[in-house]
Every structure is written in structure tokens, then in C-alpha cells.
Amino acid sequence: MHTMHRDPQAKRGPETTGAVIHWTPQHDIFVRLMGLGVDGSNSRMVVEMAKIKPGDKVLDVGCGTGDLTLTAKKYAGASGSAHGIDASPEGIAIARKKAERSGDGAVFDVGLIEKLAYPDATFDVVISRLVIHHLPDELKRQGFKEIYRVLKPGGLFFLVDFKPPSNPVLAHVFFALSHHRMTHSNVWGLAPMLTETGFVAVASGPTRSALLAFVSGKKPTALVLT
Ligand SMILES: C[S@@+](CC[C@H](N)C(=O)[O-])C[C@H]1O[C@@H](n2cnc3c(N)ncnc32)[C@H](O)[C@@H]1O
């Protein structure tokens, strides 16, 4: 029997200027084999760097097929929660199957970084891995504002994304040869954007993964008068 999709947009997912991945199980396996999730160690690294602890309410923005969200839920425990959103209905469908299998209770929904469907001050931690380079600059700014809005005062935003090689010659070759979006978005340019959004204690630096850097910032606990 065929399933009728009266609204083709509902099948494709919400409209965004971000680069959406229409995930298939094969694509998911390929990405995991590239080193992001074969043994879960990259997800554990991110969750540990973000200091996710029992009781935390966590949001994973651009969660793809959910590996990082599921790891976050393990660390947040039964008293905490982990929600994952992604623009890709296909990614969310795979993530929901993984959540059913794991029984950990992570929640997955189709959604956009630029229009988060949560009330103000909902989350203790917002995490995001390899998503921001998928977004044009204006969308990054909108997304950061939304993340700031849904964080509780004192809450942490922690992202990891590709970093260009530190060797200037390699970096030049990398930028010149590749047409992948990652080469057009420099992770080191994100810290000033977080500061513009209102985040404080903004930090950035390497991770133990040679390919990834982190950028983080906190929502102030009290109103900052400028
Ligand atoms: C490289 S994948 C990373 C997936 C996941 N974070 C991980 O580390 O496995 C980037 C994800 O960003 C999603 N994405 C792109 N634009 C988006 C938007 N505007 N809002 C939410 N997700 C978006 C894509 O659909 C894709 O699943």
C-alpha cells in the first residue's frame, strides 16, 4: 500500500537555507566509519567536554541520526533528558529507531535551529556537532539567538566543528581544492558570533580529535547591562 503525502514539504522537511542531509542507513554507516561513532568515543568526548551530568536537560541541535543525543541521555540519566532536533525527517526516523532499540528515552523531533520549538530557558546544555558549517552566516546568527533563548541562565552552549589544518600551506590547499562547505566556514570565526549574541565566558580550542575544534559560551546568570 502506498502512503499518500498530501503535503510534499512535510515529507522533505521544513524549509531552511541550511544544507540538510537526507539520511539513509548507508550514509549513516559511512559517517560512523569515518570516525564519528564506530565505538562512540567521539560522542563521549563531546559529552564529557560539555560536562553533561545526571539531571541535566540537554538539547542536541542538528542531531542527524542521533548518536550524540543518545550518548548525552546516558550521561544525563533517568533524572535528566536529551532532545535531538534535525531538519531532516529521514535522519529523525533513523534516530527514533535507535532510541527505541536503546530504550534510553532520548526524544527526537524534526526541527530547525533557527526556529526552536521550546519555551525560553528550557535547557541546561545545548550541544551541536558538525552542524554549523552547514549554515550560511545569517542562519548561524539566527540559530545562536535561538539557542541562547532556550538555554537557562547559566546554561552552556558547546559546539564542535571542523577546523582547518594549522599548517598555512595545507590550509591554503585545503581551501583551494575542496568544494565542501566545511572549507568555507571557519570554526575560529564562531567565537565572536557567540559574544555578539550575548554569550559570556566564550572559549574555543582544539579537541583530542585532529579534525575538530570546540567553541563554547554560557548564558549569563544575571542581566548584563551594556
Ligand atoms: C554533518 S550532519 C551532523 C549530524 C550529527 N550532529 C552528528 O554529529 O552525527 C549535519 C546535520 O545538520 C542538519 N541541518 C542542516 N540545516 C539545519 C537546520 N537549519 N536546522 C537543523 N538541522 C540542520 C542536517 O540535516 C544534518 O543532519
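> Describe the packing of helix H6 (residues 137–150) against helix H8 (residues 190–197), and please don't skip the residues or the numbers.
At a minimum axis distance of 10 Å, the contact between H6 and H8 shows a crossing angle of 50°. The pairing of H6 with H8 is recorded here as oblique in orientation. As H6 packs across H8, the resulting crossing turns out to be right-handed. Residues Lys140, Arg141, Phe144, Lys145 and Tyr148 of H6 form the contact with H8, whose participating residues are Met193, Leu194 and Thr197. Tallied by class, residues from the contact of H6 with H8 come to four nonpolar, one polar and three charged.

> Let's hear about the pairing of strand E5 (residues 151–162): which residues, and what values?
Bridge count between strand E4 (residues 123–129) and E5: six bridges; the pairing is parallel. Along E5, the bridge assignment pairs arginine 129 with valine 160. Crossover connection from E4 via H6 to parallel E5: handedness right-handed. Examined bridge by bridge, E5 and strand E7 (residues 212–218) share seven bridges and lie antiparallel to one another. Considered in E7, the bridge of leucine 159 is made with valine 215.

> Residues and numbers for the sheet that holds strand E3 (residues 107–110), please.
Here we have seven strands laid out as an open sheet, ordered E3-E2-E1-E4-E5-E7-E6, and mixed in their pairing. The strands lining the two open edges of the sheet, one partner per strand, are E3 and strand E6 (200–206). Averaged over neighbouring strand pairs, the angle between their axes works out to 15° when direction is ignored. Across the sheet, helix H5 (residues 89–102) touches strand E2 (81–86) and E3, and the angle it forms with E3 is around 165°. Sheet strands touched by H6: strand E1 (57–61), E4 and E5. Its angle to E5, the strand with the most contacts, is close to 145°.

> Please give an account of the confidence of the model for the protein chain that cites residues and values.
Summarising the model, the protein chain shows a mean pLDDT of 88, and 85% of its residues fall at 70 or more. In the model, residues 1–5 has pLDDT below 50 throughout and makes two contacts with residues more than four positions away in sequence or in other chains.

What counts, and at which threshold
Residues take numbers from 1 onward in each chain, read along the sequence in its written order. Owing to the predicted nature of the model, reporting of local features is limited to residues with pLDDT of at least 70; listing and counting of side-chain atom pairs is limited to 80 or more, with chain, interface and lining totals taken over all residues. Fitted lines through C-alpha atoms serve as axes, helices being fitted only where they are in contact, and the angles separating the N-to-C directions of these axes extend from 0 to 180 degrees. For helices the rule is a DSSP run of H or I covering at least 4 residues; for strands it is a run of E covering at least 2, with both sets numbered from the N terminus onward. When an angle is under 35 degrees it counts as roughly parallel; over 145 it counts as roughly antiparallel; between 65 and 115 it counts as roughly perpendicular; any other value is oblique. Crossings are sorted by hand: turned counterclockwise from the far helix by less than a right angle, the near helix makes the crossing left-handed, and turned clockwise it makes it right-handed. Contacts are defined on C-beta atoms placed from the backbone: any two residues whose C-beta positions lie within 7 Å are in contact. For this scheme, ten residues count as nonpolar: Ala, Val, Leu, Ile, Met, Phe, Trp, Tyr, Cys and Pro. Four count as charged, namely Asp, Glu, Lys and Arg, and the remainder, Gly too, count as polar. A pair of strands counts as paired when DSSP detects no fewer than two bridges linking them. Crossover handedness is defined by viewing with both strands directed away from the observer: a clockwise path from the first strand over the helix to the second marks the crossover as right-handed. Each residue carries a pLDDT score, the predictor's confidence in it, ranging from 0 to 100.

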